[in-house]
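# Structure at a glance
Listed below, chain by chain, are the residues.
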Amino acid sequence: MSFYKEIEKFKGFDLEKYMEELTHEEIKKSIGREKLTKFDFLNLLSPKAKDHLEEMARAAQRRSVQQFGKVISLYIPMYISNYCTNECTYCGFNKNNKIDRKHLKLDEIETEAVEIAKTGIRHILLLTGEAEGLVGVDYIEDAVKILKKHFDSVVVEIYPLETEEYKRLGEIGVDGLTIYQEVYDEKIYRSVHLGGKKSDYMWRLDTPERGARAGLRSINIGTLFGLGDLVKEAYLSGLHAEYLTDKYLNSEFSISLPRINEAEGGYKSKYILDDASFVQFVLAYRLFLPKAGINISTREVAEFRDNLIGLGVTKFSAGSKTNVGAYSDLGKSTPQFEISDNRSVAETEKAIRARGYQVIHKDWELIV
Ligand code: SF4
């Protein structure tokens, strides 16, 4: 069984007709329900639900505080290689782009780690382009062993692995996995992934399950807003998180809402997720998935991120750089995309505290 079965069920669904017939009364009922159904979730994602944002925000805030308290946990991304064998039309690391490529040696990874650790961050997200020949599992393992000396939590955002490979990483202290489907619409998926292993839709779709089967503690998924129809993508990514939560009780699932940012290659997005819809989707996720974490990255501008505090978000990246070796100035490399919130970790922490929230660097301990 794969989440693909759920996607197939949705394929014959007349979304337009459903949205047309949806009433404001039904939306109000959906907001008030203790446990939301799939249809309630869809109702909250509908354009008509924009008239109910305040009510949704109040309900989401209550749920969030009940479940998580008033805290935001922080993490920082670290890119160790931007070589890639794939051809994703929306990404600066696409193998066809003439960019400055860089691949860190192990001593350089340590230099970066030391620099990042000075900020007080304890939770690191390790990223690479998808070039298995250059960044094989052995190299990732060596990198993780270095990072574990400096950080409590290491999460990987790398090319999809087999279950056994995730187990190997879990054994040396990797506690989580981030893997975005990018776009759940299969036809669009094929049109934006032109070559390389990432063009295999099913291989990517089943990756979070392989991570969960390997016992990874935290798994973060999402769609990249801008590639496909906004409501359909928000809906399927939310259903995916629900499916995983129900099926894999030993892992915690969280969801991200990345929007396409400017990148090398100049991808022009046809579907623009505006700020009001972004907020609406955060609220809908929070109400439908009360136990899921919600991540907001530095793709979003500072003021917008700050305004999301209290509406259900639980994790922020902070002080991010998306070029390889950037924290300790290890030489030229092109970033994956432009960052919108350029504040330091300390400045981000200050802004979170100013909203009456606590900053969490670590709230658990992995025993290996
Ligand atoms: S999105 Fe990932 S796989 Fe695709 S080109 Fe960029 S780095 Fe490579």
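Above this text sits the structure in question.
Attention in this report is confined to the structure presented alongside it. The shown structure was predicted, so the numbers you read here are calculated from the model rather than taken from an experiment.

The rules behind these values
Residues numbered from 1 in each chain as written. Predicted model: local features only at pLDDT ≥ 70, side-chain atom pairs only at ≥ 80, totals over all residues. Heavy atoms only, no water. Near = heavy atom within 4 Å. Nonpolar A, V, L, I, M, F, W, Y, C, P; charged D, E, K, R; others polar. Salt bridge = Lys/Arg side-chain N within 4 Å of Asp/Glu carboxyl O. Helix = DSSP H or I, 4+ residues; strand = E, 2+ residues; numbered from the N terminus. Buried < 20%, exposed > 50% of the residue type's maximum accessible area, 1.4 Å probe, protein only. 1 Å grid on protein atoms, 1.4 Å probe; cavity = no way out; pocket = protein on both sides within 12 Å on 5 of 7 lines; lining within 4 Å. Points joined across faces, edges and corners; volume = space filled by probe spheres on them. Pairing = 2+ DSSP bridges. Right-handed = clockwise from strand over helix to strand, strands pointing away.

## A closer look at the site of the ligand
Lining the immediate environment of the ligand, one finds Cys-84, Asn-86, Cys-88, Cys-91, Phe-93, Asn-94, Gly-129, Glu-130, Lys-198 and Gln-336. Residue composition of the shell around the ligand, by class: four nonpolar, four polar and two charged.

## Considerations on the pattern of salt bridges
The final tally for this structure, using the stated rule, is 31 salt bridges. In this structure, Asp-175 and Arg-217 form a salt bridge, with 3.9 Å as the shortest nitrogen-oxygen distance. You can see Asp-175 sitting in strand 4 (residues 174-178) and its partner Arg-217 sitting in the loop between helix 11 (207-213) and strand 5 (218-222), a full 42 residues away along the chain. Owing to a relative accessible area of 2%, Asp-175 belongs among the buried residues under this scheme.

## Here's the deal with empty space enclosed by the protein
Once rolled over the atoms, a probe with the size of a water molecule shows which space is left empty. This structure, assessed with the given rule, holds four cavities of 30 Å³ or more. Of the pockets and cavities examined, the largest cavity occupies roughly 740 Å³. Lining the largest cavity are 45 residues, with Tyr-79, Glu-157, Arg-299, Gln-336 and Phe-337 positioned closest to its centre. Here the residues of the lining of the largest cavity sort into 22 nonpolar, 16 polar and seven charged. For the second largest cavity, the calculated volume is near 130 Å³. In terms of lining, the second largest cavity is formed by 13 residues, of which the most central are His-123, Val-155, Thr-178, Asn-295 and Lys-315. For the lining of the second largest cavity, the elements supplying multiple residues, two or more each, are strand 2 (123-128), strand 4 and strand 5. Of the residues contributing to the lining of the second largest cavity, the split by class is five nonpolar, seven polar and one charged.

## Examining the pairing of strand 1 (residues 71-81)
Counting buried positions along strand 1 gives ten out of eleven residues, so the element sits mostly inside the fold. In this structure, strand 1 lies alongside strand 9 (residues 358-360), joined through three bridges in parallel fashion. Bridged to Val-71 within strand 9 is Gln-358. Here three bridges tie strand 1 to strand 8 (residues 315-317), and the two strands are oriented parallel to one another. Bridge pairing in strand 8 links Ser-73 to Lys-315. In this structure, strand 1 lies alongside strand 2, joined through five bridges in parallel fashion. Paired with Ser-81 across the strands is Thr-128, a residue of strand 2. Regarding the hand of the β-α-β motif, the stretch spanning strand 1, helix 6 (residues 106-117) and strand 2 is right-handed.

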